[in-house]
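# Per-entry structural report
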Amino acid sequence: MSSIRFEESSVFNQLASFEHQQVVFCHDEDTGLKAIIAIHNTVLGPALGGTRMWSYETEAEALYDVLRLSKAMTYKAAITGLNLGGGKAVIIGDSRNDKTEVLMRRFGRFIENLNGSFITTQDVGTSPKDMEFIRMETKYVTGVPEVLGGAGDLSPVTAKGVYMGIKASVKELFGTDSLAGRSVAVQGTGHVGEHLVNLLRIENAKVYVSDISQERMIKVAKKYGAEVVNNNSLFDIDFDVYAPCALGATVNPETINKMKCAIIAGSANNQLADEKRDGQLLLDKGILFAPDYLINAGGLINCYSELEGYSKKRTMQMAEKIYDATLQVLKKSKQESIPTNIAADKIAEKRIQDIKKIKSSF
Ligand code: NAD
């Protein structure tokens with residue numbers, strides 16, 4: 001999806017440029033709630049997206065963030081084949097000091113009033129406990145704790161999707177999807193990174209791990225038999241696959257210049273510092289990029305499953321479909337000589353357009 005630069009334009013101009021369906025400003029004097037719910041597109045289904053709580057410097061910054069993130073959710077759901085639209089919410093405030101039960105429950109009432117066109121889950125600054133408070137006011141929430149019938153930790157499903165994305169990329173490039181003997185560098189050994197290292201080692205891949213936390217990196221390396229690499233010298237090493245599982249924007253002209261890998265496939269959101277520029281740079285250099293928003297969609301799949309009545313087995317099977325979806329993107333990229341991130345956007349947009357036509361015929 002094209003990145004739209006934030007400019008000092010009117011609210012309605014911004015909504016028009018991002019093509020939003022509805023944006024709801026939620027304000028409550030008693031609880032101090034200031035939130036924005038952005039529903040980008042509901043052609044495929046109700047808009048699902050996390051609620052982020054952040055101390056935005058300005059309200060304009062909060063609006064820009066929610067518009068940008070909700071649009072990205074539309075693409076993620078569409079490419080993953082889910083019957084969900086894209087949405088997101090932001091609560092303006094400090095999640096450590098400003099969060100209270102009544103604030104979250106008041107926010108839940110705003111969601112309830114949207115009658116199911118927006119469903120939320122946790123995100124930066126919100127937790128399963130917050131989802132529990134929201135659940136007290138509305139059923140349109142996922143990511144509640146396991147003991148309350150929720151799906152629990154998303155990261156095993158996310159790791160499974162990333163693993164399938166890596167396998168599909170290896171298949172495209174080397175003709176077989178076996179990872180035995182292939183080398184993968186996993187940057188970030190947190191929730192997703194650790195599960196990914198496990199899956200890779202089960203298949204006898206050679207795994208390098210790096211993390212800014214020495215403790216985590218060493219623990220994960222020892223547990224699964226991986227090799228530790230200093231985070232600053234990661235690109236000095238030869239490996240087949242770079243799996244960014246820490247932060248975004250690690251793929252930029254400076255790092256691309258150093259990269260010797262054949263594939264980039266990891267869980268981090270927004271891996272390309274500049275989508276247009278860096279997608280093209282990777283294409284030019286012949287590095288295959290498995291679009292992050294597709295292969296890290298396991299978390300969204302998990303939420304979708306929770307809505308449908310959670311089954312771990314079915315959720316994992318859905319995450320496995322990321323393999324075929326990745327192959328489809330890579331094929332389109334090759335056929336049209338376009339960066340893989342653009343190919344993914346086109347497939348997502350086409351699915352929305354196609355389904356829109358079906359719906360208009362009723
Ligand atoms: P996490 O916080 O559990 O783990 C992140 C790890 O990265 C930590 O061990 C941290 O020390 C390390 N790290 C931070 N900065 C680093 C740096 N500069 N270099 C190397 N390591 C660094 O997070 P997570 O839940 O495992 O998620 C990892 C990434 O995947 C994030 O970008 C997240 O947005 C994305 N993601 C996660 C999920 C999910 O299900 N958890 C779903 C979709 C996307």
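Residues numbered from 1 in each chain as written. Predicted model: local features only at pLDDT ≥ 70, side-chain atom pairs only at ≥ 80, totals over all residues. Heavy atoms only, no water.

## Brief notes about the pattern of salt bridges
A side chain with one charge can pair with a side chain of the opposite charge if their charged atoms come near. Inspection of every chain in the model, using the stated rule, returns 25 salt bridges. The salt bridge involving Asp65 is made with Arg52; its shortest N-O contact spans 3.9 Å. Highlighted residues: Asp65 in helix H2 (residues 59-79) and Arg52 in strand E3 (residues 47-54), separated in sequence by 13 residues. Here Asp65 and Arg52 have matching classes, each one buried. When its relative accessible area of 18% is taken as the criterion, Arg52 is described as buried. Each of the salt bridges in this network shares a partner with another, and the network as a whole consists of Arg52, Asp65, Arg68, Lys88 and Asp123. (Salt bridge = Lys/Arg side-chain N within 4 Å of Asp/Glu carboxyl O. Helix = DSSP H or I, 4+ residues; strand = E, 2+ residues; numbered from the N terminus. Buried < 20%, exposed > 50% of the residue type's maximum accessible area, 1.4 Å probe, protein only.)

## Considering the pairing of strand E7 (residues 206-210)
Along E7, four of the five residues are buried, which leaves the element largely enclosed by surrounding structure. Bridge count for strand E6 (residues 183-187) against E7 is five bridges, and the pairing is parallel. Across the sheet, Gln187 pairs through a bridge with Ser210, a residue of E7. Following the chain from E6 across helix H6 (residues 191-202) to the adjacent parallel E7, one finds a crossover that is right-handed. Sheet topology note: the E7/strand E8 (residues 227-228) ladder contains two bridges and is parallel. Bridge pairing in E8 links Val209 to Val228. Handedness of the β-α-β unit built from E7, helix H7 (residues 214-224) and E8 comes out right-handed. (Pairing = 2+ DSSP bridges. Right-handed = clockwise from strand over helix to strand, strands pointing away.)

## With respect to the UniProt feature "binding site: NAD(+)" (unreviewed entry) in the protein
UniProt annotation of "binding site: NAD(+)" (unreviewed entry) refers to Gly188, Thr189, Gly190, His191, Val192 and Gly193 when read in the numbering used here. With respect to the helices and strands, the residue Gly190 is situated in the loop between E6 and H6. Using a relative accessible area of 24% as the deciding quantity, one classes Gly190 as partly exposed. Residues in contact with Gly190, not counting those within four places in the same chain, are Asp211 and Arg216. Along the chain, His191 falls in helix H6. Note on His191: relative accessible area 62%, which makes it exposed. When sequence neighbours within four positions are dropped, the list of residues in contact with His191 reads Asp153 and Ser155. (UniProt positions renumbered as here; feature names shortened; annotations may be inferred. Contact = heavy atoms within 4.5 Å.)

## Considering a nonpolar patch on the surface
A contiguous nonpolar surface patch, about 340 Å² in accessible area, is contributed by Val11, Phe12 and Phe25. Its place among the elements puts Phe12 in helix H1 (residues 11-18). Using a relative accessible area of 67% as the deciding quantity, one classes Phe12 as exposed. (Patch = residues over 30% accessible without salt bridge, like charges linked within 9 Å, V, L, I, M, F, W, Y side chains within 5 Å. Areas by Shrake-Rupley, 256 points an atom, 1.4 Å probe, with all protein chains shown as cover.)

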